[in-house]
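Working through the structure, step by step
Each chain, letter by letter, is given below.
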Amino acid sequence: MTDSTQINGDVYVSPRYLAGLSGHSDCSFDPVAHWPHYHLDAGPCQLVIVSPDHRIKIGWFGDDYDIWQVSAAADAVSQARWSARINQNTPPEIVHGLTSALAAEWDEDSVSFLTNPSLNWADALRPLRDAGWERKPLQRGVLEIVSPDGLAGASIDIVSSGPHAEPVTLWAGPPGWGTRAEVIFSARTPKHLIAATAAAFAAPTPVARYRNDLNPQLAKLAHLTPVQPPRPATPTPLDLQRSTAARHTPALGTRSASRGSTTTLPPAPAGPPPARHR
C-alpha cells in the first residue's frame, strides 16, 4: 500500500482488481467492436452488442448496479444457455478477459462458447491457483480461493443446481455498494470462459486511472504509482542551432546606440515584475 493522499493525476493501480470502473468502459467492448451495436433509447439497457448470428449478447446498463450482462444461446431466439452479471465496481479490463474469449471463439459453426466439456469446477479457477491464490477448506458446500492479500477471491457453490443457479462468483474489494466488484456466472457457463475472466483478475499488469476517480477506500488498499510523462525527445541539430541563436539574441526591451554617439537614450519601458516563486 502507499500514501494515496500524496499522489494526484494519472496513476497505475495494482492489483488491478482494486481499480474500479474507469471514466469509460470502452476497453471491455474492444474485442467485439466489429460486432453489430444497437443503441436503445428507452429502458435501463442502453447498448446491446450481439454476435453476427445474435447467439451472443452483451448488454450495457450504464445506470444500474449490474452494468454488464452477458449471455449466449443456441440460436438467436432461444433462451440463454448461460449468463454473467458484472457490477459497476468491476474494472473493464477484467470484463475484457471475457469478451476477448467470446470474440476469439465465435464463428457461425462454433459451439465452444455453449459447451462445458470439463466436469471439474476447479478448472474454472485454475488461473487463480497458478497465480498463487490460496484454496480454502470446503465449507458448507462452498469452495473458496483467496488472493494473497485477502482482498479478492472466488467462490463456487458446488451444491447449487438447476439452470438458473449462479454458483460462481469472482469478487474483489471490501463489502459495500461502492467497493465490492463482482462477476457472477450462471450454472451452465463454460468453465474455460470463467477461467478467461479469472485470468484477467489475476493478471499482474496494473491499469491506469485518474487518481480522483478512484474510490477512496480502494485507493488506500491499492498500490498507486504516478504515470510519468514521456521524456522529451532528443534535440535535433536544428533545435540546437536555434537554441544557440536564441541565447545570442538581445533581450526584449533593450536598445543600443551607434558608436560615437553622445545621445543618451531614454530608459526602456519597464516590463511586468518577475513572477514570484514559492
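As the structure is a prediction and not an experimental result, all values here were calculated from the model.

Attention shifts here to the pattern of salt bridges. If you walk through the whole model with that rule in mind, you get six salt bridges. In this structure, arginine 85 engages glutamate 166 in a salt bridge whose closest nitrogen and oxygen atoms are separated by 2.8 Å. Within this pair, whereas arginine 85 is found in strand S6 (residues 82-87), its partner glutamate 166 is found in the loop between strand S9 (152-157) and strand S10 (168-172), the two being separated by 81 residues in sequence. With its nearest N and O atoms 2.4 Å apart, the salt bridge here joins arginine 126 to aspartate 123. Ionic contacts of the salt-bridge type, sharing partners, join the residues Asp66, Arg85 and Glu166 into one network.

Take the packing of helix H2 (residues 92-105) against helix H4 (residues 191-202) next. The N-to-C vectors of H2 and H4 enclose an angle of 145 degrees; their axes lie 7 Å apart at closest approach. With respect to the hand of their crossing, H2 and H4 are arranged in right-handed fashion. Residues Glu93, Ile94, Gly97, Leu98, Ala101, Leu102 and Glu105 of H2 lie in contact with H4, whose contacting residues are His192, Leu193, Ala196, Thr197, Ala200 and Phe201. Its residues assigned to classes, the contact of H2 with H4 comprises eight nonpolar, three polar and two charged.

With that settled, the discussion passes to the sheet that holds strand S1 (residues 10-14). Read from one edge of the open sheet, three strands run S12-S1-S13, paired in antiparallel fashion. With one partner strand each, in any of the chains shown, strand S12 (207-210) and strand S13 (223-226) form the two edges of the open sheet. Pairwise comparison of adjacent strand axes, ignoring direction, gives a mean angle of 40 degrees for this sheet. Bridge count for S1 against S13 is four bridges, and the pairing is antiparallel. Note that in S13 the partner of tyrosine 12 across the bridge is threonine 225.

To continue, consider a nonpolar patch on the surface. The grouping of Leu138, Ile158 and Val159 at the surface amounts to a nonpolar patch, some 280 Å² of accessible area in total. Within the secondary structure layout, valine 159 lies in the loop between S9 and S10.

Volume-wise, the largest pocket comes out at about 150 Å³. Surrounding the largest pocket, Gln79, Ala80, Arg81, Trp82, Ser83, Pro163, His164, Ala165, Glu166, Ser186 and Arg188 form its lining.

With antiparallel pairing, ten strands are arranged side by side in an open sheet as S2-S3-S4-S5-S6-S11-S10-S9-S8-S7. In this open sheet, the two edge strands, each paired with only one partner strand, are strand S2 (37-39) and strand S7 (134-135). H4 contacts S6, S10 and strand S11 (181-185) of the sheet and is inclined by roughly 10 degrees relative to S10.

Further remarks concern the pairing of strand S8 (residues 142-146). Summarising the sheet, S7 and S8 pair through two bridges and their orientation is antiparallel. In the strand pairing of S8, arginine 135 is matched with isoleucine 145. Hairpin connection of S7 to S8: six residues between the antiparallel strands, including arginine 140 at a positive phi of 50 degrees. One ladder, built from five bridges, connects S8 with S9; its direction is antiparallel. If you follow valine 142 over to S9, its bridge partner there is aspartate 157. Between S8 and S9, which follow one another and run antiparallel, lie five residues, and glycine 150 among them has a positive phi close to 75 degrees.

In this section: the packing of aromatic side chains. Counted under the stated rule, the structure contains five aromatic pairs. Aromatic side chains tryptophan 35 and tryptophan 106 sit 6.2 Å apart centroid to centroid with 70 degrees between the ring planes, which places their arrangement in the edge-to-face category. Linking tryptophan 35 in the loop between helix H1 (26-29) and S2 with tryptophan 106 in the loop between H2 and helix H3 (126-130), this pair joins segments that are 71 residues apart in sequence. The two residues tryptophan 35 and tryptophan 106 agree in class, both being buried. If you follow lysine 191 out to its NZ or CZ, it ends over the ring of tryptophan 121, 4.2 Å from the centre.

Criteria and thresholds
Residues numbered from 1 in each chain as written. Predicted model: local features only at pLDDT ≥ 70, side-chain atom pairs only at ≥ 80, totals over all residues. Heavy atoms only, no water. Salt bridge = Lys/Arg side-chain N within 4 Å of Asp/Glu carboxyl O. Helix = DSSP H or I, 4+ residues; strand = E, 2+ residues; numbered from the N terminus. Axes fitted to C-alpha atoms, helices over the stretch in contact; angles between N-to-C directions. Left-handed = near helix turned anticlockwise from the far one by under 90°. Contact = heavy atoms within 4.5 Å. Nonpolar A, V, L, I, M, F, W, Y, C, P; charged D, E, K, R; others polar. Pairing = 2+ DSSP bridges. Patch = residues over 30% accessible without salt bridge, like charges linked within 9 Å, V, L, I, M, F, W, Y side chains within 5 Å. Areas by Shrake-Rupley, 256 points an atom, 1.4 Å probe, with all protein chains shown as cover. 1 Å grid on protein atoms, 1.4 Å probe; cavity = no way out; pocket = protein on both sides within 12 Å on 5 of 7 lines; lining within 4 Å. Points joined across faces, edges and corners; volume = space filled by probe spheres on them. Phe/Tyr/Trp six-rings, centres within 6.5 Å; stacked < 30°, edge-to-face > 60°. Buried < 20%, exposed > 50% of the residue type's maximum accessible area, 1.4 Å probe, protein only. Lys NZ or Arg CZ within 6 Å of the ring centre and 35° of its normal.

Take it as geometry only, folks, not as evidence of what the structure does.
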